[in-house]
Amino acid sequence: MVPGQTLFAVNSSGRLFYLSDGSSVWEEFQYLGIEFKRISAAKNVIWAIGGDHQIYVFVYSVEVPIRAKESFYENERWNPIEGFCSNLLPTDRPHFSSIDGTLERGRDTIFLPTMAWIWEDEWHVETLFNGIQLPIGGWTYAVDFPAEYHDKKGFTSCVRRRKWIRNRKYVAINSWSAVPGIHKDATEEPFIDVSVGGYDIAGGNEEELMVWTVTVAGRVMVRQGITDSNPEGSGWIHIPTPTGKEVSQLSVAASGLVWAVTWQGSVLVRQGVSALDPTGLNWIEVSSPRPENPLSLVSVGSSIVWGVCRDGSVWFRQGFKSCDTSGSDVLIRGTKWIKMVGTVNMLSVSPNDQVFSVSPSTDIQDLRVIQMRTGVSVSDLSGKTWKTLQATVPFQFGRTFRGRSISQSSRRLRCSSDSSETVSSSYEKSEPASIISSESLPQADHSGAKEKSKLHDIGEKILSASGDMALAGAVGSVSRATVGRIPVVGPVVASAATRVLIDEIGKLSTSEVISNDKDEPQNLEKSMYHSTMESIPEDNVRNELETEVRHGTVSDNVSSGSSGVMMEDEDEYEGSSDPQWLWVSGGSCTMNYTYVYNSWFCNRAVAERQITVEHEPWRQGILSCLVNNNSLNKRYTDFEDAIERSSWVKKGLVKYNLGGQNRKFEQAYLELEQCGSTENFVDFGTLSIFSTKSNFKEHISLSEISCVSVCCDKSAPQLSIFTPKRSKVLLPILIRFSTEQEMEDWHSDLVTGINGVRNTTSRPSADSVYSVSNRGEVFVFDPHAADDSGVEENSVIGSNYCQEIKVAGKNVPICESLANGFEPGSSVYLELKILETCNNFGINLQLGKIGASQNDISLHLNPRLDQDHTVLNSFQNGAWDSEEKQPLIIMMDDGSAIRAFNQNKLVQLVIKALQDKYEIFVNGVKFASMKYRVRPEHVSHIKVGGDVELSKVIYSSKSRIIPPTDMYWRSLGGGHLLQVECGPSGVVWALSYDGTPWSYTGGWGGAHFKGNASSPSGIYQMHDKKYFYIYENQRWNPITGFSVHGLPTDRYMWSDKSGKYSATKESIRLPSLSWQWTGDWMIDYHTPGGVDRDGWQYATDFPASYHDKKTFTDYVRRRRWARRCQLSTSGPWKQIGSTRLVDVSVQPWDSAKNEVSVWAVATNGEALQRQGVTRDCPEGTAWTHVRSDFLFQGVTIGTDNSVWLVSSEGRVFLRQGITDLSPSGQVWIQLQNPDKSVVFKSVSAGKSGVWALDTAGKLWLRQGIQVQFPEGTSWAYTSDNIRSISVGDRGDLWAILENQHGTGGVIVRRRGISPATPTGEDWDTCIGGGWKQVSIRGWTK
């Protein structure tokens, strides 16, 4: 069962069933002795009314245990005789109290709320105070009660307190828990209806639920305090209704709006529902559709209300909206009722306005079916027609051809036939499905007598099996109905009791035979049985029986009867002997008709026939011939295609902007020409821009484009076109379109064409780099795809890649960057002419920032022609090492010697990096070598100086040489994500804005990428929620007080957070067509820093530190407005469970083990470790909770399998003791922050070190990390202006800069990281702007 993808229903026997996405069979809940009458589902909970008319709750799909913390405070006062003691003043708070001291609260007064909770530990003192570890004892000190407490005792500290805590755990997961009733005697006021909603109240807490109920007296009761951490709630409150308007049924929308049906058949609508008052203010009445058609039921969605009258007619409420902030009440009431075609017994509306109903079948008499309304959309809320679900119903199986199931018939036959068989005690050892298997049934025979004999045997086996199962079902029913009601352990005890009873009955049955004195009816029934069995083909009996046993219908139907061996039918509904559908709940089903069509509505018989055709001999023969033909065609793969290549052109009128100062958008024609054999295989293409007002034109080859992204500018739909040259100066070409649809079409065509040219039309490799733009678009750089595409400036020589660095015409000294460093296996080839005036020249392999004066030098090659020798040296830590001198002589193979360097001569020089030394060759002959003093891996550039002319430089590396600006960032297609985390194992996780975790499927496309632009598989439906915020600013003046009239230098009165940009309610647009507003603008009462009752924050001036209470010196104030929107799209991502996360980390190394380490932090601050993550199962199987007394907000896994986390207070912790036997570690080690002003928000650990980012955007490196001291010693400041960081197994550091040269969101790489300079030197630009996050943790060398 997955929240949002499951439909729930109840039958007339009180059994609960669910139908999941992708399933075509209704599955039954485990029976625990409780029958249900009505249910209401929302998110991952089900609230129900049992057969005893009491309330029950069922929590499912919980991957992280539900825990709650109970606490109280121990208070003491100091006196000069006893010191600190429990002798308090009469005016003091109690010795044991609540946090504010107003209530006496101790360990003896704190109990478990219900039997669904257990204590997880004993009472103990909390040792963490404001992120600081307290000394032994856990006391905090203050001058008096109440006051500000400190972790250390001062001279004036007269009182102290400490906090005692104890954790409790909710254990009724995937089980029913009884909710305490209104009165101590639950039968005093039974419940008759329940409805769940209110988790989407504008500005409210999404973790809260509102459960509204109706009692038999017509009173409306609301269960309060229901959250994810308290699924049962804390108490009941009564919501009065107008006099004489008692309620019989109600429905709660996700927005919190309530519609209630009165006893008279009219409707009461709850008015004034808001985040401050979620139960509303008062009722307003809506009349029934007609006086002669009183309502019996209503169901409320987001934009629709459906009603059912007492005669079964269906009505639709027009002009309705569940979220109405206008204050007019018109939308929440609707305008008029419209009658719909058909009759139903009841219906349920899902949160996305899909409609499900329980209706009489039009094909079979006395049968109720579950139907879904097709065609429901934003543009057509009433839908098209009713469609019956074709999913298999266990308790109605076989009804279409016999009127009752085999198990029902078997029960009746068993009651009246000869019951001389004994009940075997071995029955308990086998499953019901194994009693009658296909192997035990005889094969068909053409001889009549023999066939009748075999059919007789079949019948006897059916009778025996039915009797055994009936007896077992009866015993099981009694056990579950008694001891099965015990919470938590009830099912286990009931199961054990059933086994013991069956065993004892089996022993007695071996000596006692059940006899029947009335032989005449017995023989009559037996003869009827024989004649019936003879008339039924044996194959039909076998197939039907196998199917029933396989689906469990035999045992289910037997056990659903009354107690005792005589399992007579107890028909609750006249004219029907089988259970009927009674109730359905779509509150946890947000899938539309199109999405579930294949599994819920397709005819399975046709599908089975299609599957059978796959294995037909004639089809297998054709496929075999095709395979042989394809193998013969392989010999012609080197020949050119026989078809003529073609080209296709796409044109459009757009506006373009080349960037730079004072640049404006100008009108132009945009033309995309692609060439290839078909549109699926593009060989090359060109994007051209032709200005309509000037002679300007520009042609860009598709192979030159490094990225195409959708701009974050909300004023108009536009694309950014990046090339390597433009990325260096951060000036992409901006293309603006007239409509968003046009922009999406061009985006899809451009990305598809570029992928075809670059041959990036498959799953990215495991060591790819992922990035996320501000719009949530995911991009990937694939190093292996770059190898295959063959970039022009790279050539392959042997096993190395070579790049020619253009130096012709440049003045000496020349400094050129080496993109891949100079690790062993690298080399550089130089052609230079020594001028006549040259006495010496130098070639340096340097580290750090280009142009810096004190860079470390790994190799200093300095031929001194005037002194007839060459000096080899290195420079580190600001000083030269000892020189190694080499004569200017080269020894030839024939024993002769020549001078290596001469004026006016051309020299070819090669420098190679071996495992332990440099080797230098001059004119093809080895000249000198030098062992490493500074490792070459950290070399960043080469510098050539002196009186020489440099004509050619060729740089060689073991891996593809791609400068950061030349990287091709491929769009993965649909989806809207906040963060992506990858690893070299190919496991890629992502988080959306609402905290939903996703796993990458390996596909591409989705959303507006259609046809060839999307992969044939791996595309799933995706959803996300996002808030837009704007700020209302005011300044105080002595005449009018606070007003919108500010100073000329003030920020905009309606602005963004910074105040630099104007932002009004009307100017905020949705990101794309796939987004929809889910509410209006609301005051945000959860603004960081706190707010007053009206949502205002106060400060001395703009900008400043804001607080929630006005003081005498506060002259400005602001309040934040929020509006939420919801996305519905598709992409190559699959949802992982239901646990919401704020951060996730995947191991950054590739190991021989198949398992992959994944850690995460949940939205409640819990640290989690994912189990069962492998290359074949990237989503894993379950979460393991890592217990701690701290709440976290960030996590990372280091290359040494260390795990680092950031607490919600901004402190870094190391999890120590992680081994194969203890993958979740043993203890927590807290690291001290650099100072009190530094508050960390994220951390990333890799080969280059442990890096942390604080809330001010400053970057810090952890120093002194050693095997003996894994937590390190101190923090070293590195840089500022950082948005996010990522490190992995390469020794690199990548980041997103908040601002670089006026451009925000720029991807950069840290240059110059080495043992001598661990914090690096400077940033190399990659691409920008508009990026939010980057992950290089999968990129390994």
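Worth saying up front: this structure is predicted, and the values here are computed from it rather than measured.

Caption draft 1: Spatial organisation of the overall build of the protein. From N to C terminus, the protein includes 14 helices and 87 strands. Counting only residues that meet the buried cut, the protein has 52% of its 1341 residues in that class. Within the protein, contacts between residues at least 6 apart in sequence are counted, and of these 59% link residues at least 24 apart. A total of about 61,300 Å² of accessible surface is found on the protein, and carbon and sulfur atoms cover 50% of it.

Caption draft 2: How the structure looks around the sheet that holds strand S81 (residues 1259-1263). Read from one edge to the other, the open sheet built from four strands follows the order S79-S80-S81-S82, with strand pairing classed as antiparallel. Two strands in the sheet have a free side with no partner beyond their single neighbour: strand S79 (1240-1246) and strand S82 (1274-1279). Sheet twist, expressed as the mean angle between neighbouring strand axes with direction ignored, is 30°. As paired strands, S81 and S82 are joined by five bridges and run antiparallel to one another. Looking across to S82, one finds that glutamine 1263 is bridged to serine 1274.

Caption draft 3: Here's a closer look at the pattern of salt bridges. This structure, assessed with the given rule, holds 39 salt bridges. Between lysine 69 and glutamate 126 there is a salt bridge; the shortest N-O distance is 3.8 Å. Within this pair, whereas lysine 69 is found in strand S7 (residues 66-79), its partner glutamate 126 is found in the loop between strand S11 (124-125) and strand S12 (128-129), the two being separated by 57 residues in sequence. A relative accessible area of 40% places lysine 69 in the partly exposed class. In this structure, arginine 166 and glutamate 122 form a salt bridge, with 3.6 Å as the shortest nitrogen-oxygen distance. With arginine 166 in strand S15 (residues 159-170) and glutamate 122 in the loop between strand S10 (117-119) and S11, this pair connects stretches of sequence that are 44 residues apart. Look at the salt bridges and you will find they share partners, linking Lys69, Glu126 and Lys163 into a network.

Caption draft 4: Focus on the environment of glycine 776. Inspection of the secondary structure puts glycine 776 in the loop between strand S41 (769-773) and strand S42 (778-781). Sequence separation between glycine 776 and leucine 977 is 201 residues, and the spatial gap between their C-alpha atoms is 4.5 Å. Setting aside residues up to four positions removed in sequence, glycine 776 forms contacts with Gly975, His976 and Leu977.

Caption draft 5: Region of the structure containing a nonpolar patch on the surface. On the surface, a nonpolar cluster with roughly 410 Å² of combined accessible area is contributed by Trp618, Ile622, Leu623 and Leu626. Take leucine 626: it is sitting in helix H11 (residues 617-633).

Caption draft 6: Local environment of the packing of aromatic side chains. Enumeration according to the criterion identifies 50 aromatic pairs in this entry. In textbook terms, an aromatic cluster arises when at least three aromatic residues are bridged by ring pairs, as seen for Phe8, Tyr18, Phe29, Phe36, Tyr56, Phe58, Tyr60 and Trp176. When the ring centre of tryptophan 164 is taken as origin, the NZ or CZ atom of arginine 107, which lies over that ring, is 4.8 Å away. The residue whose ring lies beneath lysine 1026 is tyrosine 993, and the NZ or CZ to ring-centre distance is 5.0 Å.

Caption draft 7: Looking closely at the pairing of strand S56 (residues 925-931). Bridge count for strand S55 (residues 917-922) against S56 is six bridges, and the pairing is antiparallel. Note on S56: the bridge partner recorded for tyrosine 918 is methionine 930. The hairpin turn running from S55 into S56, its antiparallel successor, is two residues long, and asparagine 923 in that turn takes a positive phi close to 55°.

Caption draft 8: Structural view of the sheet that holds S42. Pairing is antiparallel across the open sheet formed by four strands, whose spatial order is S59-S42-S41-S87. Of all the strands in the sheet, the pair left with one neighbour each is strand S59 (970-971) and strand S87 (1331-1335). Both S41 and S42 contribute to a ladder of four bridges, which runs antiparallel. When the sheet's bridge partners are listed, valine 772 is paired in S42 with valine 778.

Caption draft 9: Highlighting the pairing of strand S17 (residues 191-197). Of all seven residues in S17, six are buried, a share of seventy percent or more. As judged from the six bridges shared by S17 and strand S18 (residues 209-215), these two strands associate in the antiparallel manner. From the neighbouring strand, valine 196 faces S18, where its bridge partner is valine 211.

Caption draft 10: Layout of the side chain of asparagine 44. Structurally, asparagine 44 can be placed in the loop between strand S4 (36-42) and strand S5 (45-50). In this structure the side chain of asparagine 44 is engaged in a polar contact, spanning 3.1 Å, whose partner is the backbone oxygen of tyrosine 60. Other than its neighbours up to four places away in sequence, asparagine 44 contacts Pro3, Phe58, Val59, Tyr60, Ser61 and Val62.

Caption draft 11: Just the side chain of serine 1043, in detail. Within the secondary structure, serine 1043 is located in strand S64 (residues 1041-1043). Residues in contact with serine 1043, not counting those within four places in the same chain, are Gln1034, Arg1035 and Asn1037.

Caption draft 12: Structural view of the environment of serine 1138. Within the secondary structure, serine 1138 sits in the loop between strand S70 (1133-1135) and strand S71 (1141-1146). On the accessibility criterion, serine 1138 (23% relative accessible area) is partly exposed. With 1135 residues separating them along the chain, serine 1138 and proline 3 place their C-alpha atoms 7.1 Å apart. For serine 1138, the residues in contact, after removing those within four places along its chain, are Pro3, Ser61 and Glu63.

Caption draft 13: How the structure looks around the environment of histidine 53. With respect to the helices and strands, the residue histidine 53 is situated in the loop between S5 and strand S6 (55-59). On the basis of relative accessibility, which here comes to 28%, the residue histidine 53 falls in the partly exposed class. C-alpha of histidine 53 to C-alpha of aspartate 193: the two residues are 140 residues apart in sequence and 8.9 Å apart in space. Excluding its chain neighbours within four sequence positions, the residues that come into contact with histidine 53 are Lys37, Pro190 and Phe191.

Caption draft 14: Representation of unusual backbone geometry in the model. Geometrically, the link from phenylalanine 1102 to proline 1103 is a cis peptide bond, its omega value of -25° lying close to zero. Following the sequence through the fold, proline 1103 ends up in the loop between strand S68 (1096-1099) and strand S69 (1116-1131). Phi is positive for histidine 53, close to 65°, though the residue is something other than glycine. Look at asparagine 174: it is not a glycine, yet its phi comes out positive at around 55°.

Caption draft 15: Spotlight on the nonpolar core. Formed by 51 residues in total, the largest nonpolar core has its most connected members in Trp26, Trp176, Trp306 and Trp600. Beyond its immediate sequence surroundings of up to four residues, tryptophan 176 is in contact with Leu16, Phe29, Leu32, Ile34, Phe36, Ile46, Ala48, Tyr56, Val57 and Phe58. Ranked by size, the runner-up nonpolar core spans 43 residues in total, among them Ile805, Phe841, Met930 and Val939.

The rules behind each value
- Residues numbered from 1 in each chain as written.
- Predicted model: local features only at pLDDT ≥ 70, side-chain atom pairs only at ≥ 80, totals over all residues.
- Heavy atoms only, no water.
- Helix = DSSP H or I, 4+ residues; strand = E, 2+ residues; numbered from the N terminus.
- Buried < 20%, exposed > 50% of the residue type's maximum accessible area, 1.4 Å probe, protein only.
- Contact = heavy atoms within 4.5 Å.
- Areas by Shrake-Rupley, 256 points an atom, 1.4 Å probe, with all protein chains shown as cover.
- Pairing = 2+ DSSP bridges.
- Axes fitted to C-alpha atoms, helices over the stretch in contact; angles between N-to-C directions.
- Salt bridge = Lys/Arg side-chain N within 4 Å of Asp/Glu carboxyl O.
- Patch = residues over 30% accessible without salt bridge, like charges linked within 9 Å, V, L, I, M, F, W, Y side chains within 5 Å.
- Phe/Tyr/Trp six-rings, centres within 6.5 Å; stacked < 30°, edge-to-face > 60°.
- Lys NZ or Arg CZ within 6 Å of the ring centre and 35° of its normal.
- Polar contact = N/O pair within 3.5 Å; in protein donor to acceptor, adjacent residues only side chain to side chain.
- Core = buried A, V, L, I, M, F, W, Y, C linked by side-chain atoms within 4.5 Å.

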